[in-house]
Amino acid sequence: MKMFVKAVLCATALTAAAAPAVAEDFAFKDQIEARQGYFQMVKFNMGVLGEMAKGKRDYDADLAQAIANNLKNAGAMDNSLMWPKGSDMDADGLSGHTKAKADIWQADSEVGAKFEDFAAATETMAANAGQGLDALRGAIGPLGKSCKSCHTDYRAK
Ligand code: HEC
């Protein structure tokens, strides 16, 4: 009996694991997952600096510098291939898969400028993070604002 239950559970687990690959197929899947993964990585690094700024993690100049360098490198990436036209949340079949607003691709879009602001803020962070806790704290506000400014206009709630 035990064996049987185990076998059934295993079979169910296998089916469950295999199913999403088919069911979750949608247009621009690779690009959408890449940009969301990119932002998760950015958020993770940002979180470490945030913890130091708030005193929830001991300030460590070497670690702060390394993390800030990660963010600077992220800001220097050319991500254009992750943002193909038609991969917005209103496109057919993409609801629930992306929060990218269609305004990103409008002619008057300021998304490029907002990304530049983010990249500049990561450079300022990289110049300050290893120079002491106060320097890190001074750079984190503008960096956080650069995220928020883009999300307010171009990412759905
Ligand atoms: C130039 C615009 C822009 C900037 C700058 C920006 N974001 Fe985003 N972010 C977006 C958009 C658009 C999405 C939605 C992507 C999607 O769902 O396809 C997003 C999604 C995210 C997500 C969710 C990813 C997921 O798993 O779906 C996180 C977390 C995030 N951003 C964090 C940040 C942080 C932290 C910063 C700043 C350090 C930042 N973002 C800067 C535009 C931006």
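Everything numeric in this text was worked out from a predicted model, so none of it was measured. What you see as residue numbers is a count from 1 along each chain, following the sequence as written. Given that this is a predicted model, residues contribute local features only at a pLDDT of at least 70 and side-chain atom pairs are listed and counted only at 80 or more, while totals for whole chains, interfaces and linings are drawn from all residues. By convention in this description, side-chain values take in all heavy atoms of the structure and omit both hydrogens and water.

### Brief notes about the coordination of the iron atom of the ligand
Only N, O and S atoms count as donors, using a 2.8 Å cut-off from the metal and 3.2 Å for Na, K and Ca, and because water is excluded some sites may appear unfinished. For the iron atom of the ligand, the sole protein-derived donor is His-151 (NE2), lying 2.0 Å away. Inspection of the secondary structure assignment puts His-151 in helix α5 (residues 133-154). Here a strand is any run of E in DSSP of at least two residues, a helix any run of H or I of at least four, and the numbering for each starts at the N terminus.

### Considerations on the UniProt feature "binding site: heme c" (unreviewed entry) in the protein
UniProt positions are given in the numbering used here, feature names are shortened, and annotations may be inferred rather than shown by experiment. Mapped onto the present numbering, the UniProt feature "binding site: heme c" (unreviewed entry) falls at Cys-147, Cys-150 and His-151. Relative to the helices and strands, Cys-147 is located in helix α5. Mapped onto the elements of the fold, Cys-150 is located in helix α5. In contact with Cys-150, not counting residues within four places along its chain, are Val-111, Lys-114 and Arg-155. Note on contacts: a residue pair qualifies if any of its non-hydrogen atoms lie within 4.5 Å across the two residues.

### Observations regarding the site of the ligand
The environment of the ligand is formed by 20 residues, the closest being Gln-40, Thr-98, Cys-147, Cys-150 and His-151. The term polar contact refers here to a pair of N or O atoms within 3.5 Å; inside protein, the definition further demands a hydrogen-donor-capable atom paired with an acceptor-capable atom, and it admits residues adjacent in sequence only when both atoms are side-chain atoms. Contact between the ligand and Arg-35: an oxygen atom at 2.8 Å from a side-chain N or O atom of the residue. In the environment of the ligand, an oxygen atom lies 2.9 Å from a nitrogen or oxygen atom belonging to the side chain of Gln-36. Listed by contribution, the elements that provide at least two residues to the shell around the ligand are α2 (29-54), α4 (111-128) and α5. With 6 residues, the top contributor of residues to the shell around the ligand is α2. Near is defined per residue: the residue qualifies when any heavy atom it owns lies within 4 Å of the molecule or strand.

### What about the nonpolar core?
Leu-49, Met-125, Leu-136, Ile-140 and Leu-143 are the most contacted members of the largest nonpolar core, which has 22 residues in total. Elements with a contribution of two residues or more to this core: α2, α3 (61-76), α4 and α5. When near neighbours in sequence (up to four residues on either side) are disregarded, Met-125 contacts Leu-49, Ala-68, Leu-136, Ala-139, Ile-140 and Leu-143. Residues belong to a common nonpolar core when they are buried Ala, Val, Leu, Ile, Met, Phe, Trp, Tyr or Cys residues joined through side-chain atoms within 4.5 Å. Throughout, exposure labels follow a simple rule: accessible area from a 1.4 Å probe, protein chains only, divided by the maximum for the residue type, with under 20% read as buried, over 50% as exposed, and the rest as partly exposed. Core analysis: the second largest hydrophobic core is formed by 5 residues, Ala-100, Trp-105, Cys-150 and Tyr-154 among them.

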